[in-house]
Structures are given as structure tokens and as C-alpha cells.
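Take a look at the letters that make up each chain.
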Amino acid sequence: AALPPLAPLSDPRLSDSANLDLCAELLIRSGKSVMETLMILVPEAYRNQPDLDDKPEVTDFYNYYSGLQEAWDGPALLVFSDGKSVGAALDRNGLRPARFLETDDLVCMMSETGVVPGLDESKIVHKGRLGPGQMIAMDLETGVFEENYDVKKKVAGKYPYGKWLKEEGTAIGKEPMSAERLWGDDDLKLVRNQVSMGWSSEDMEMQIADMASTGKETTFCMGDDAPLAVLSDKPHVLYNYFKQRFAQVTNPAIDPLRENLVMSLAMTLGKKGNIVDEPTAAKAAQVSIESPVLNENELKKIKGSGRKVETLSTFFPISDGPQGMEKAVKKLQEQAEKAVAGGAEILILSDFTDQAALEDQAAIPSLLAVGAVHHHLLSKKLRLQASIVAETGQAWSTHHFACLVGFGASAVHPYAAYEGVRAWWHSTKTQTQMKNNKIPAISVEAALDNYRESVDGGLFKIMSKIGISLLSSYHSAQIFEAIGLGKEVIDLGFPGTVSRVGGMNLQDVANEVISLHSTAFPETPLKALQNYGFVKYYTGKEYHHNAPPLTKLLHKALKSKDIDEYNLFHESLKTAPLSVLRDLLEFKSDREPIPIEKVQPLEDIMSRFCTGGMSLGALSREAHETLAIGMNRIGGKSNSGEGGEDFSRFKPLSDVDEEGNSPSFPHLRGLKNGDIATSKIKQVASGRFGVSAEYLMSAEQIEIKLAQGAKPGEGGQLPGPKIDNYIATLRLSKPGVTLISPPPHHDIYSIEDLAQLIYDLHQINPKAKVSVKLVAGSGIGTIAAGVAKANADVIQVSGHDGGTGASPLSSIKHAGAPWELGLTEVHRTLLESELRERVLLRVDGGLKTGWDVMMGALMGAEEFGFGTIAMIAEGCIMSRIC
């Protein structure tokens, strides 16, 4: 088929549904039936479907087309007709309601039973509903009505897809891990490689150690208080400039634990055939893999699969200076183009060397190499002729793998990460811990399997945040926002990626690469990985704005109630290194100062203050109640979080003695009669954890938590040891059992759904305002406009650096955006839409002082949330072990 005259086949200005319609129309006009078209574009979750055990032809059909067409993903009830047939199909998650019934002369399909009036129940011969990925169709010429697999078996039986896949395709399963060391027992070679690639000791001691021993990603807490990568004075890997985007309101996040059956990391490598033409055996000639995380044996099998494989080096000479990196990237693009034009179906972009690291050559950041080659092949209309595999020492965190796949890699061989696992296993410290039963005693092969399993689990988690089920759909989707990269870098490697504040050019990126590389070849002998202090605070390392020295200053000021001591705390923040975007701003006034007496009274200002949504359980009972009583005394509002609240806290105290003690709250001191320990803001998140009518009626404001700043797109996580009998009683759970919630309101996937929930909450408590908590990210303005139209009273914009009791480390570090970007976008969009007067705007995320409050106010906020700093004020020492 001659496609070029029709290009482009999709339009980014249109909705997903409109683009799906355009693609469906193309396939139908090329001769495919509408049922076959939708089976290709919106396949069901067939890999874990027991109903297909006796229908291999349907599975073969899906497997054949999985290598040719990425699946459309997301909530959708698709109703179709081509004039000859009519029918409906549901998305793979089954997130839309669809019911049907059949009489002797009528077939009806509707969202709810009872939509069609006047039907005689006695004439209904069959009723049913569409399940996930299911389809119904009726032939208008013959009057035959067919359900799901009757339709699909007919479509799948037209061609011998199974025979073609068996004869032409190559399936590579997960091969055994190899315990053999890459560079012998010389750990110094590994250290030199890792240092040159940007590793730090925290990556080995926290991430590799946790992933290898437990099969799970490192869990951390209290949010990200280190500077943005672009503001840091330490060299960062390129991945750190990208923030994962996430779903809120307009499409739901997926629960990767409970909905894992519909998710898959399977990928295909090789040339993709044209789906518009007739199916042929040649189009089945692809290499299928179960996970994008390859080991050495799987990479060898890919190289020996019969497809033409070309390995391209990503090194460039240090002697060429920073400009040399750009020249090397362009040379790499030309080499890739030439290789694909010459028939290469798999390109391996490699920074591996037998010497571990080369003193005179540095590696192009793997992410830049992948993105640049991907977009160059797109521009030359060669992209579907070949797949990209990254063989790199620059990938160890789950975020790194997500970035590489998201910008074009179909698979990654993380050789340095695997070697890091082997080195960890062989270390004296690890062997001693295994011997003393501190960690599980496992083989090195099991540790390597654990590492891959944790990366796979992390990819599921990252995909689920944006509501995508299949890695093949996430592939090349670029679902990231760049913070701190300039146009030059974006144009070369990441065209189409949102980068709102600009920042580093190619020379700046090259300088960071060369800086890291030079650290691997110091004048004094290299002994170990450096600790940059990106995760935890260490004296003399990366700055952290919640570091122990700062908490000590605040504690001293609060204990002494001395304004001079507080000024020391304030001055330490003012003179600190640049950390967040607002640090780049300063106040600019066009008027004379006014007397302090003319300023709004202190009591009115404090009524605008709130604490963050910190749940009882994440905080101790004493800490949670202290915050509530304190905020109630000053006229502010505390937030219950999503852990429920004891009904005994809903009434004012009347039993306090002269020493400030109350029998009702024997664990608290300094109480007064009239104090009330209830949180004025009650949080709801998918109706879980102690949400009852009484709980809602006790609220002055009910907050719908759609996302959390520290981990947007994910649910709450409370470690088992924190769940005592009291917490378990409130949460209707069992003591000691870890609680991991689904993503908040992952059953809400439209503004209409949210409007219904807001209406319901207004009905149960007409006196309470309803707030909606969103997290800053590109496009939040449009979402906020919908929230305002849905009759919310308050919109809260949270920054990416908010605190949390427990979260995967990659979520804390790499998801969401600064509140400065989110708040200004929301304020501006609401003004332009004439909706600003409808809602009150609240902001939170790393606020500490009056200066932060004023910055938020100038950007549009009217209320201000304090989370981590409020905990520190009541005594938290930020040891980060909660």
C-alpha cells in the first residue's frame, strides 16, 4: 500500500479516541473487517487468559500482531459500524460499563440496565455484559448476533498465524543468569567503570543491595529534599533531568499488584511489517522477549537469531572536548542510518569495553544516544526497519530503564548493574550478613534474578502511574517532562518532550559527562565509589534542605522561643545553595513599604495555614494529635491523611487538669480545656481506611486525594511494624501486616466521575467544603479547569518534593514536577477560563518560611500547606528510617 500520500496518519492536536478512529478507518479501508481492525488495535489481555487455552488460533493472532502494532491502552467502550455490521468492544481493563440483551427481534447494548424503556422482560432470550477486552457484533445483512470468542475465532482463523510464528519467529525466554565475573576478581575495574558512568556508593549500598537481596526496589521516606539536578553543584546522570508523568482524573492509574494480570513487559525486536497489507509469513519473523532487561545469555541468543545485528560504539575521544560529544552523537546517527539501510534489524548501542573503562574516551549518555538515534531514524522513515538495544553501564535504577524504553530502546543489557550484583554478593560484608541471617542466604544467580525481578516490578509500577498496561505501548511514548534541559539538548535527543524552564545545553551535558569520567581516573589511586549524598544527607556532600543541622537550629529556636535563634534558622535557608526553582526568584516591588499595623492580622494569616495529609500510622498517635490540636488553636487546619481517625477526637476536651493532663489523652501534655484533637480536613482516597458517615460529618473540609506529591500515581504504603493494635483497629486491618493501597481513586477516569464524587460528598456533609488534591505536572491547568467545573471548592497543588512515610526510592526522586510550575499553570488557566473565582487555591511541598508563603501567594495560592517542616517543629529529627 502506498502510504506516504496519506501521512501523517494521526494528529497530535486530536484526542486519543479521534486518533484511534483515524487508524481504524485506514485499516478498514485497506480491506480489513471492523472486528479484525479492533482486535489488532485494542487486543485483550490474552497472555494470562485461561479462556484461551482451547483457542490457540486467537492467541496466535494476537501474538502475530503484537510485533506489528502497539496496542491502544486506556479506558474505552468502542461502538462501531461499517454499514454491514454493528458491535462494541471494551478495553483490556474493562473500565467502562457495557450491558447487552437480545430478544427474538432486537439486540440492545447500553451502559446500564434499564436504559431502553418499555422492553418486555418475557421476550428477552439472553442478557450479558462486556468483560475486559471482550467484543460483540451483529451482521446487519444476516441478522446473526455473535459474542466475544465466536467473533474472534472467525477473524483469527483466516490465516495460519500459529504456523507462521513457529516457522519464522524466534521466542527467547528468560535464560539462566551467569555467575562469571566480567573483569575477573578485580573489583577496581568495576569501580572505575561505574564511576565513569555516574554511579555513587549509595547506588551500590542502597539500590543494588536491596534489589539483589529482596527482589524489590529500595523503599525510602520523607520525600526528596536535595536540589533539582539542574541546580545541583554535583555532576548528575542525564536521567535525573527527567520526571515521570502520571495519571490524575482524565485517565486512571493502574494497580500493578491487583491488576497485574492485564499488564505485560513482553517486547519484540526486528523489522516491523506493514499492517495495512495482507498478512504474510515474513511479517512473523521477529524476536520476542519476556522482559526488556536482558542478561548476557539472552543478548547472545539475539545476536545469533538469524537477524542482522549491528553493534555501534557510543564512546567519543576526551581530547575532542565538550564539542566532541555532539559530533559523536551525529556520527552515531549516521552510522545507525547506514546500518539500517544496509539491512540491520537490531542496533546495539554499546558502551561496553573489555578494559571496563577507557582513560582517553568517555561514553555518550546512553539515554541521549538512544533518543538521538531513535529520532534520526524516524526522520529518515527507517525507524520501523530496526529495533534499538542499549548495552550500557549507565542503567541501574528502575527510572533509568523506564527512560531508555520510553525514548526508544526495545531492550537494555545493564552489564555494570549485573556485575555490581556479583561484586555485592562476593563482598565480605554481604557474606557475613548472610551467615548471620541478617539477609536471605542466596546464590549469586538468585541475586541476579532478584535484581531483574525488581527492575521488572519497578517498570510495572512506573507504567501503572500513567495508566499503561503494556510496555510495548509505553515504548517510545516519551511520557516524561524535562526539568533543566535547554532546546539544543531536547532537539537532538528528545524532540516533543516538554521542557518548560529550559536549562543546560549540549556543552553543559558534555561537561558533566567528562567530569564524571575524569573522576574515574584520579591522580591518586581510585579505591571506591564516591558518595555524592544524593539520597541521604552527609556532611560536605550534596545539600539537603531538611538536613540535621537545619532541624537542630529550628528545635533550638522553638525550645527557647527566642526570635534571634529563629532568625539563625531563617538565615541558614536564605544563604543555602540553590535547591528549588523559587530560589532563582526575588521580590520586586513597585511601591513603598507600609507600616506593619496595616498588614493583615496574624490570626487571619494563620487561618490560611494547613498541615499536609499525613496519616495516623505514618505518624504516631501523639504526633498526629499534637498537629491537630496545634492547628486548631491557631485557627488553621490539620489534615487527617488517609488513615481514618478515632471518634474520641471529634469532641472538645473538658477534663483537663491544672497541669495540662487529660484522662482522655493521657499520652499528651500541655492541654487546655476546649482543645479539640480532630483534623478539620478529612481525606478520602477510594473510600478506604476508616471512611464512614461520622468521619465525613466531623470535617470542615473533605479532601479527595487524587495523587500524592512524593509518589503521584501510587497508593499509600505503611510498613507492617508500624501497624499496632490501635492503628489496625482504625484501619480495619491486622497488626503487623504491611498495607499497600491501590492508586488513590483509580476508579475515577473522567471529570464526570469526579463531579459525581464531589456531589456525593456535598450531599453527605453540606456544610463541608470539598477540596481536590492534584500534583504538579505538565497539563495540570486543564485538569484543574475540569475540577473547578466539577464544583470543587478548593484545589490543592502539591509539588514533587512532598514527604511520605514510605515509597519506592525512584518515585520519590523521579515523579512529578515542582509546585512553582504547577501552581502558575493552574492559576493562569483558571483565569483564562474565567473559573478562578470559583475555587480557592492551596499549595504545598517543601514550604518552610514566610518567604516561601509569599512566593506561593504571588504565584496564585491563597492557602499554604506545611508537612515535613511541621513534623520537624514538633520534634522529628529526620533520621529517615520511618
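Position labels on residues start from 1 in each chain and follow its written sequence. The predicted nature of this model means local features are confined to residues of pLDDT at least 70 and side-chain atom pairs, given and counted, to a pLDDT of 80 or more, with totals for whole chains, interfaces and linings taken over all residues. The basis for the side-chain values is all heavy atoms of the structure; hydrogens and waters are excluded.

1. Some details on the layout of surface pockets
- Think of a 1 Å grid over just the protein atoms. A cavity is a set of points where a 1.4 Å probe fits yet cannot get out, a pocket is an open set with protein on both sides within 12 Å along at least five of seven lines, and lining residues have an atom within 4 Å of a point. Grid points are joined across faces, edges and corners, and a volume is the space filled by probe spheres set on the points. Estimated volume of the second largest pocket: approximately 1600 Å³.
- Lining the second largest pocket are 42 residues, and of these Leu-558, Met-606, Phe-609, Ile-634 and Phe-866 sit closest to its centre.
- Going along the chain from the N terminus, every DSSP run of H or I of four or more residues is numbered as a helix, and every run of E of two or more is numbered as a strand. When contributions to the lining of the second largest pocket are tallied by element, the ones reaching two or more residues are helix H18 (548–560), helix H19 (563–574), helix H20 (602–606), strand S22 (609–613), helix H21 (621–634), helix H28 (850–858), strand S32 (863–866) and helix H29 (868–873).
- The leading source of residues in the lining of the second largest pocket is H21, at seven residues.

2. Topic: empty space enclosed by the protein
- One pass over the full model with this rule turns up ten cavities of 30 Å³ or more.
- Approximately 410 Å³ is the volume attributed to the largest cavity.
- Residue assignment for the lining of the largest cavity shows that the elements contributing at least two residues are helix H7 (201–214) and helix H26 (809–814).
- Partitioning the lining of the largest cavity into residue classes produces 13 nonpolar, ten polar and six charged.
- Estimates place the volume of the second largest cavity at around 190 Å³.
- Together, 18 residues line the second largest cavity, and Val-237, Leu-238, Pro-365, Gln-394 and Val-513 are the ones closest to its centre.
- Secondary structure elements with two or more residues in the lining of the second largest cavity: helix H6 (187–197), strand S17 (361–363), helix H10 (366–379) and helix H17 (506–519).
- Any residue outside Ala, Val, Leu, Ile, Met, Phe, Trp, Tyr, Cys, Pro, Asp, Glu, Lys and Arg is labelled polar, Gly included; the first ten of those are nonpolar and the last four are charged. Partitioned by chemical class, the residues of the lining of the second largest cavity number 13 nonpolar, four polar and one charged.

3. Things to note about the side chain of Asn-295
- Looking at where Asn-295 falls in the secondary structure, it is placed in the loop between strand S13 (287–289) and helix H8 (296–303).
- In this structure the side chain of Asn-295 is engaged in a polar contact, spanning 3.5 Å, whose partner is the backbone oxygen of Pro-176.
- At 3.1 Å, the side chain of Asn-295 and the backbone nitrogen of Asn-297 are in polar contact.
- Any two residues having at least one pair of non-hydrogen atoms within 4.5 Å are treated as being in contact. Apart from residues lying up to four places away in sequence, Asn-295 is in contact with Glu-175, Pro-176, Met-177, His-413, Tyr-418 and Arg-452. Polar contacts, as counted here, are pairs of nitrogen or oxygen atoms within 3.5 Å of one another; within protein the pair requires one atom able to donate a hydrogen and one able to accept it, and residues that are adjacent in sequence qualify only if both atoms are side-chain atoms.

4. Notes on the pairing of strand S3 (residues 99–103)
- Note on pairing: DSSP must find at least two bridges between two strands before they are called paired. Relative to strand S4 (residues 107–110), S3 is paired through four bridges, and the arrangement is antiparallel. The residue of S4 that forms the bridge with Leu-101 is Cys-108.
- Hairpin remark: S3 followed by S4, antiparallel, with three residues in the connecting loop.
- Sheet topology note: the S3/strand S5 (residues 124–129) ladder contains five bridges and is antiparallel. Residue Thr-103 lies in a different strand from S5, and its bridge partner there is Ile-124.

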